[in-house]
Every structure is written in C-alpha cells, then in structure tokens.
Amino acid sequence: MEKRKILKNKAYLYLTEFFAGMSVMAVELGASRLLAPYFSSSQIVWTIVIGTIMIAMALGNIYGGRTADKNPDPDRLYKRIIIAAIWIALIPVLGKYIIMGISAVMIFSVNSNFLIWAAFASCMIIFVFPLFLLGTVTPSLVKYAVSDLNDNGKTVGFLNASNTIGSIIGTFIPTFVTIPAVGVSITFLIFAAILLALAVIYFASGKQKPIRAFVGVIVLVVSCVVGHTDSFAFWEDDLTFEGESIYNYLQVREDDNAVYLSTNVLFGVQSVYVKDESLSGMYYDYAMAAPFMAGVNEKDNMDVLILGMGTGTYATQCDRYFNNMTMEGVEIDQDITDLAVEYFHLSEDVPVYTYDGRAYLNAADKTYDVIMVDAYQDITIPFQMSTVEFFTMVKEHLNPGGVMVINMNMRGSEEGNINQYLSDTVGNVFSEVYTVDCQNNTNRELFASDNPDMIDTFYKNVTLEENADLVDMMNVVKADLEKYVPGDYLMTDDKAPVELLGMRVIDDLIADEVNYYKEIYEEEGLQGLLNEVR
C-alpha cells in the first residue's frame, strides 16, 4: 500500500486528532441542547448524554484498535470520518422528529422514569453511531503514526495532546460562539463540514476519489438547505418568536388575549402578558397575596425583589395593581430580558440584573419587603436555590415582617415529593409557612415569614384593597390557604437531589395526562387516537 504524501510528516494525523476531539465535544454539547427543549437541561439529561457518549467512545476505541491491527490502512479511517460527518449533518434534519417519535412511543409503553428512558433512547439512536465512529480515530492514528518504537511515547503524547486541545476548543466554541450566534442546527452542520473537509482533503491528496466523499458533500448541502432551522416545535406554524440563548430554548406565541413565553417545547408556560391588563389566570395571581401579607396597603413604599424575573409577569402585575412598589428583578438569561422588553411590555423603570439569583443575594446588601422566588422550571430546579443555606440568605434580605413567596410548579402526591422537600426546607428556616394550590394547574404557592401576624396582616390589607378583581382573587387564596407543618425532608448545599425528586412528579403528571389517551386507544384503536389528537 502506497503511503499518501499528506501523511509523510504525520502533521495531518495530528490535525485529524485535533478536529476529531473538537467535533466530539461539539456534538456532545449540541446533544444536550437538542434534548433540552423536550426533556429539560437538568443534571439527569446531562448524565445521560455524557454516559451514552462515553459508551460510544469506548466501543469506538476498541473497534478502531482491532481494525487498525488487522488492516492498517488510513483510507478506512477517513471513510469512517465521512460517514460520521454525514450522520452529524443529518441530525438537524431528522433529530427532532426522532425525539418526538421516541417520546410518543415511550409515553404509551413506559410507566415510570419517562424522561430517563426517552432521553436515553434518543441519545442512543441519534448520537451513539457517529461518536462511535469518531471513537475509532485515536487508536487508528496511533497505529498509523507510530513507525519507530524509540519515539512511540512522544508520538502518542502528541496525538493525545492534539485531541485534548481540540476537545477544549470544541467545548468553548459551541457554548460561547456558534450556539448563541447561529443555533444548534447550524452548529451541527459546521462541525459536520469540518469533518467532511478533513476527509475530502485526505482523499484529494491521492488518486482515489471515493463515492462516499461526494455523497457526503451532497448530504451536507441538502442539510444546509433544509436542516438549518432552529425550530424545535416544528408542528407550530404561528409562533411569534423562536430561538435559542446560552441557557434556554425560547418560544413566544401570541393569541387574542395574551403573549406567552415557553422555555420547553413539551412542558408549560413560564411567563404571560395579558393584553387587557387583567389578572393572568395563572399562579402569578396567587403570588399577589405576598404584598398583602407584608402590609402593602399600610406602607408608603414597598421594595420587591424577583429572583427568576422571566419576562416580568409578576412585576407587571404588581406595578399594575399597586402604586407604592419599587421592584427589581434578577434573571440569568439576558435574552429573556430582551424578549420582556420587546414582546411583554416590561416597564423600563424596573431594573433587571443578569445574574444567578443566589449569587445576586450573596453580593447585595439591600433588604426587601417581598422576595419572589420563581426560578423553578419543570425538573430544571437550580439546587443552589433550593437549600437551607439559600433560604437562610433570603431571610437575611427580608425587612422585619417581610415575606418570601415561592412558585413550586409541580404538585406531588406521594410522600417525599419535591414540594414536600422544598416546603420542609423552608419550614426549617422560617417560623410561618403557608401554602395554596392553584386551581386548574399543578402549581403551588408557598408563603414564608418570621412575622407571626402574617395572616392577620393579609386579611387586614385585603379589606383595605379597592380593586374588586384583586379582592376576589385574594378571597380565592383565603379559601384554600393552609398552614404548613414542616417535617424532616431537608435539602442542603451538600445534598439536594432536586432532579430525581422532580422527575418523579413529572412521571405522575405524564401518567395522568396519558391515561386519557390510553383509554381512547384501547377503545377506538389508532384511528380514534389520531382523531382525538387532531
């Protein structure tokens, strides 16, 4: 076998190792972002992504080493790189359809741990094969590059260094450059193009022109034309805005009554702006009880801090119904704050700080009358904002008689569910804790204070309120408000299993929703199910 000129000084092998390492990390980060809008960006999903990719790489290492020993022909490696490039280029075209198809099957076939099984199956089908192929690169290149046993350590060291440096760059570029600038889909296409170019240049250095290279170029071009969209909710054709930020998938939709923000394709609404300036009909209305509990109608001015500002629904409602409030918001995602101004009419008088909520409290000296904690989305609950240490920090930033309100968006019924953990943890810090379940959804609002007269203050200030709609809403809260007696389920900075706890509740919610459709399927078959979905 004649050695290609391009490999004579081994530089191209090091370059191959560099770009292979870069592409593996880019695909791994892209995988987490592709899955997040459907399954969340929790530690559970990250664990599944990392675990399946490590499986693929390990199997690729074994296969690459064995095939290199049997047939040490670099052509075989670069043909595998072409196949990997083609597969990665097809992910933006087919990936989200595969995810939705798997989810549909899993919903009807899995009784527990839906998120784990659906995310795992999606990873296995979409990402394992191309990363298995890229896993063959290192052992193959060791075989091709080592020609003298006297310097084999040096050669292997250079190969590993090239892979590591590529992996480092492949970690930073998608996160800070390509995903925020052009989205996940084009990020996949960029790295598919890099791999394809690497193989095409290799084969162009010789006389052989493999058909796979031409097929790869065609697939890449087609994918660039039809797969560059950043639309994850591909079944929606009337979205006002759809895009991605460093932290989130972002979707804004609008109807005659309101504008809505969702950060997850499958679960829930994170913010809403009601066009007629009435109450939202969501948990924000229940959370309006917190200012009454803190004595809003008895004070000249009330300071309010919102951790997890979103697009400012709570701030907008407080500004609309109370004229004595000074509000501040903390939102880690600047792109959401930009959407708040553009689509949700957030007042320019409300400052919003782009910061993690706990980090902001740690740096701030100011105290407040009300602190709203609204940073929990599906199972993506930041553990650092769910612990005894965090709630102690919140307490230290409340004025005497101040109130903390938390939106807990997943009511659970089983012993030791996520809301019980959160409530017990809060009860370990505050002397007065009350909860109210929101009607027609799964949210629960928790109110906490060290003021023993919190409820009396609430009742008194409601009687002073003149807005009839708001009074009616507070009467709903009154009817369902319950004093919470804390137990021993505590979360600390050392131990806060929020993802696993949240996943259990998600399983229950999915089971409740799916039972209805299962019954239709059992009685009327597939056609009846399709008719119902339509």
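Quick note: structure is the one above.
Residues numbered from 1 in each chain as written. Predicted model: local features only at pLDDT ≥ 70, side-chain atom pairs only at ≥ 80, totals over all residues. Heavy atoms only, no water.

Colleague: If you had to explain the overall build of the chain to someone new, which residues and values would you point to?
Modeller: Counting secondary structure elements, the chain contains 19 helices and twelve strands. Contacts spanning at least 24 positions in sequence make up 73% of the contacts within the chain whose residues lie at least 6 apart. (Helix = DSSP H or I, 4+ residues; strand = E, 2+ residues; numbered from the N terminus. Contact = heavy atoms within 4.5 Å.)

Colleague: Tell me about the nonpolar core, and please be specific about residues and values.
Modeller: Ranked by internal contacts, the top residues of the largest apolar core, which has 66 residues, are Phe-39, Tyr-78, Phe-127 and Leu-131. In terms of residue count, helix 3 (residues 74–109) provides more of this core than any other element does, 13 residues in total. Dropping the residues within four chain positions of it, Leu-131 is found in contact with Val-24, Val-27, Ile-53, Ala-56 and Met-57. In terms of nonpolar packing, the next biggest core, distinct from the first, is built from 48 residues, Met-302, Cys-318, Tyr-321 and Val-405 among them. (Core = buried A, V, L, I, M, F, W, Y, C linked by side-chain atoms within 4.5 Å. Buried < 20%, exposed > 50% of the residue type's maximum accessible area, 1.4 Å probe, protein only.)

Colleague: Give a detailed account of helix 16 (residues 418–427), specifying residues and quantitative values.
Modeller: With ten of ten residues buried, helix 16 is to be regarded as a mostly interior element. Taken together, the buried positions of helix 16 are occupied by Ile-418, Asn-419, Gln-420, Tyr-421, Leu-422, Ser-423, Asp-424, Thr-425, Val-426 and Gly-427. Between the side-chain oxygen of the N-cap and the backbone nitrogen of Asn-419 there are 3.0 Å, and the N-cap of helix 16 in question is Asn-417. (Polar contact = N/O pair within 3.5 Å; in protein donor to acceptor, adjacent residues only side chain to side chain.)

Colleague: If you had to explain the sheet that holds strand 6 (residues 325–330) to someone new, which residues and values would you point to?
Modeller: Read from one edge to the other, the open sheet built from eight strands follows the order 7-6-5-8-9-11-10-12, with strand pairing classed as mixed. Edge strands, defined here as strands with exactly one partner in the open sheet, are strand 7 (352–353) and strand 12 (482–483). Across two bridges, the pairing between strand 6 and strand 7 is parallel. By the bridge assignment for strand 7, Val-330 is matched with Tyr-353. (Pairing = 2+ DSSP bridges.)

Colleague: Lay out the pattern of salt bridges in plain terms, naming residues and giving numbers.
Modeller: Side chains carrying opposite charge are able to pair once their charged atoms draw close together. Counting across every chain of the model gives ten salt bridges. In this structure, Asp-369 and Lys-299 form a salt bridge, with 3.0 Å as the shortest nitrogen-oxygen distance. Taken together, the positions of Asp-369 in strand 8 (residues 368–373) and Lys-299 in the loop between helix 11 (289–293) and strand 5 (302–307) put the pair 70 residues apart, joining distant regions of the chain. With a relative accessible area of 27%, Lys-299 lands in the partly exposed category. (Salt bridge = Lys/Arg side-chain N within 4 Å of Asp/Glu carboxyl O.)

Colleague: Run through the sheet that holds strand 3 (residues 258–262), naming residues and quoting values.
Modeller: The strand order 1-2-3-4 describes an open sheet built from four strands, whose pairing is antiparallel. Single-partner strands in this sheet number two, and they are strand 1 (241–244) and strand 4 (271–274). Across the sheet, the mean angle separating the axes of adjacent strands is 10° when strand polarity is ignored. As paired strands, strand 1 and strand 2 (residues 249–254) are joined by four bridges and run antiparallel to one another. Its bridge partner being in strand 2, Gly-243 is matched across the sheet by Leu-250. (Axes fitted to C-alpha atoms, helices over the stretch in contact; angles between N-to-C directions.)

Colleague: Which residues make up the packing of aromatic side chains, and what values go with them?
Modeller: Taken as a whole and judged by the stated rule, the model has 17 aromatic pairs. Here Tyr-355 and Tyr-360 contribute two aromatic rings whose centre-to-centre distance is 6.3 Å and whose plane-to-plane angle is 80°, an arrangement assigned as edge-to-face. With relative accessibility at 12%, the residue Tyr-360 sits in the buried group. Grouping aromatic residues by their ring pairs yields a cluster made of Tyr-12, Tyr-78, Tyr-202 and Phe-203. The ring of Tyr-260 has Arg-253 sitting right over it, with the charged end atom 4.6 Å from the ring centre. (Phe/Tyr/Trp six-rings, centres within 6.5 Å; stacked < 30°, edge-to-face > 60°. Lys NZ or Arg CZ within 6 Å of the ring centre and 35° of its normal.)

Colleague: I'd like a rundown of the side chain of Asn-417, residues and numbers included.
Modeller: When you line up the elements, Asn-417 lands in the loop between strand 9 (398–408) and helix 16. The class of Asn-417 is buried, set by a relative accessible area of 5%. Here Gln-420 takes part through its backbone nitrogen, which lies 3.0 Å from a polar atom of the side chain of Asn-417.

Colleague: Report on the pairing of strand 5, specifying residues and quantitative values.
Modeller: Of all six residues making up strand 5, six are buried, and the element is well covered by its neighbours. Burial along strand 5 is two-sided: the face carrying Met-302, Val-304 and Ile-306 and the face carrying Asp-303, Leu-305 and Leu-307 are both buried. Both strand 5 and strand 6 contribute to a ladder of six bridges, which runs parallel. Residue Asp-303 lies in a different strand from strand 6, and its bridge partner there is Thr-326. As paired elements, strand 5 and strand 8 share four bridges and run parallel to each other. Looking across to strand 8, one finds that Leu-305 is bridged to Ile-371.

Colleague: Tell me about the packing of helix 1 (residues 11–39) against helix 3, and name the residues and values.
Modeller: At a closest axis distance of 11 Å, the pairing of helix 1 and helix 3 adopts a crossing angle of 0°. What the angle tells us is that helix 1 and helix 3 run roughly parallel. Only Tyr-78, Ile-81, Ile-88, Ile-91, Gly-95, Lys-96, Ile-99, Met-100 and Ser-103 of helix 3 make contact with helix 1, whose side of the interface consists of Tyr-12, Leu-13, Thr-16, Val-27, Leu-34, Leu-35, Tyr-38 and Phe-39. Here the residues of the contact of helix 1 with helix 3 are counted per class, giving 13 nonpolar, three polar and one charged. (Parallel < 35°, antiparallel > 145°, perpendicular 65-115°, else oblique. Nonpolar A, V, L, I, M, F, W, Y, C, P; charged D, E, K, R; others polar.)

Colleague: So what's going on with a nonpolar patch on the surface? Residues and values would help.
Modeller: A contiguous nonpolar patch, built from Ile-165, Ile-168, Ile-169, Phe-172, Phe-176, Val-177, Ile-246, Tyr-247 and Ile-332 and spanning about 830 Å² of accessible area, is present on the exposed surface. By the secondary structure assignment, Val-177 is in helix 7 (residues 152–182). (Patch = residues over 30% accessible without salt bridge, like charges linked within 9 Å, V, L, I, M, F, W, Y side chains within 5 Å. Areas by Shrake-Rupley, 256 points an atom, 1.4 Å probe, with all protein chains shown as cover.)

Colleague: Could you give an account of the environment of Gly-427, naming the residues involved and the relevant values?
Modeller: Along the chain, Gly-427 falls in helix 16. Counting along the chain gives 59 residues from Gly-427 to Pro-486, while the straight-line C-alpha distance between them is 5.2 Å. Apart from residues no more than four positions distant in its own chain, Gly-427 is found in contact with Val-433 and Pro-486.

Colleague: Go over unusual backbone geometry with me, naming the residues and quoting the values.
Modeller: A positive phi is found at Glu-277, a non-glycine position, where the angle reads about 60°. Relative to the elements of secondary structure, Glu-277 occurs in the loop between strand 4 and helix 10 (283–287). Even without a glycine there, the phi angle at His-345 is positive, about 55°.

Spatial relationships are all this shows, so hold off on functional conclusions.
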